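Report on the structure
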Amino acid sequence: MAVGVLALQGSFNEHIAVLRRIGVKGIEIRKPEQLQNVHALIIPGGESTTMAKLAEYHNLFPALREFVKMGKPVWGTCAGLIFLANKAVGQKEGGQELIGGLDCTVHRNFFGSQIQSFEAELSVPELAAKEGGPQSSRGVFIRAPAILEAGPEVEVLADYPIPSKKLTDSKSVTGNQEVKIGSKDKVIVAVRQGNLLATAFHPELTADTRWHSYFLKMMAECGDQGNFSTGGDDINDNQQQLRNDLPIFQ
Ligand code: GLN
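Residues numbered from 1 in each chain as written. Predicted model: local features only at pLDDT ≥ 70, side-chain atom pairs only at ≥ 80, totals over all residues. Heavy atoms only, no water.

Here strand β3 (residues 40-43) shows two buried faces, one formed by A40 and I42 and the other by L41 and I43. Here strand β1 (residues 3-6) runs beside β3; their pairing, made up of three bridges, is parallel. The residue bridging V5 from the neighbouring strand is I42, located in β3. Strand direction decides the pairing type here: β3 and strand β4 (residues 74-77), joined by three bridges, are parallel. Across the sheet, the residue bridging to I43 is G76, located in β4. (Buried < 20%, exposed > 50% of the residue type's maximum accessible area, 1.4 Å probe, protein only. Helix = DSSP H or I, 4+ residues; strand = E, 2+ residues; numbered from the N terminus. Pairing = 2+ DSSP bridges.)

Right under this line is the structure:
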């Protein structure tokens, strides 16, 4: 039993390191045929436009869409969340291709640019109910997206108050697009819809491994009985050392 991590760009090494910490094999995915060897997939954070261009170049979109449609568990973190959304706003001119499947509208850079990145303690009752531990979890938001609207089948796992400046503006401007936020005072930052999990923040950069174990439980629920293989993925010793040395922000 193995978990694939889309390894085109972004924080795929960090996800593989967390999987290793909890005893699960993470496999780098760069080609469509490699998806056949994995039972679940993590799409990491990074830069969604770049990732989309690379995915297009490697002809990955049809296989990724098929993977989602087959009901296999897929977790998108940050740029990965944008990838999974049915609709994205605040995109660069011409937009970008999405995998889709997650019934929501996501704002690509909702919280602003790189320098507006932040950390926050999020209330996560559903995660705590399933995984134990504290009722809150640290969210690392890096040029983070947010979910503005979600369909009826989408379960909200965490939300976050809209920064007051955005509320006074009652809109968010990205490039030449103006997006109405309306009267909401919160945006959604973590969701689950059947086989899909999405977080606007980066659990792979914290010491809290509960999001990863929650995702692994989804594998069991979605049909694969969690007989995870442990230990080495196919990388050499130097790469292994690099992963073990990746920083964990506490
Ligand atoms: N907002 C970024 C994008 O559009 C995602 C940032 C991230 O993944 N940390 O791709």
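Around the ligand, the neighbouring residues are G45, G46, E47, S48, C78, A79, I82, R108, N109, I142, R143 and H202. G46 has a polar backbone atom sitting 2.8 Å from an oxygen atom of the ligand. The separation between an oxygen atom of the ligand and a polar main-chain atom of S48 is 2.4 Å. Protein coverage of the free-state accessible area of the ligand, which is 300 Å², stands at 98%. Looking at side-chain class alone, the shell around the ligand contains four nonpolar, five polar and three charged residues. (Near = heavy atom within 4 Å. Polar contact = N/O pair within 3.5 Å; in protein donor to acceptor, adjacent residues only side chain to side chain. Areas by Shrake-Rupley, 256 points an atom, 1.4 Å probe, with all protein chains shown as cover. Nonpolar A, V, L, I, M, F, W, Y, C, P; charged D, E, K, R; others polar.)

Before going further, it helps to examine the UniProt feature "binding site: L-glutamine" (unreviewed entry) in the protein. Within this numbering scheme, the UniProt entry marks G46, E47, S48, R108, I142 and R143 as carrying the feature "binding site: L-glutamine" (unreviewed entry). In sequence the annotated residues extend across 98 residues, while in space they remain close, none of their C-alpha pairs exceeding 12.6 Å. Residues from the named set that contribute to the lining of the second largest pocket are G46, E47, S48, R108, I142 and R143. With respect to the helices and strands, the residue E47 is situated in the loop between β3 and α2 (48-57). Residue class for E47 comes out buried when judged on its relative accessible area of 13%. Excluding residues that lie within four positions of it along the chain, E47 makes contacts with Q9, A79, K92, R108 and R143. Separated by 3.2 Å, the side chain of E47 and the backbone nitrogen of T49 make a polar contact. Among the residues examined, R143 registers a relative accessible area of 23% and is labelled partly exposed. Not counting residues up to four positions away in its chain, the partners in contact with R143 are G46, E47, R108, N109, G112, S113, Q114 and S117. Within polar-contact distance, the side chain of R143 engages the side chain of Q114 at 3.0 Å. (UniProt positions renumbered as here; feature names shortened; annotations may be inferred. 1 Å grid on protein atoms, 1.4 Å probe; cavity = no way out; pocket = protein on both sides within 12 Å on 5 of 7 lines; lining within 4 Å. Contact = heavy atoms within 4.5 Å.)

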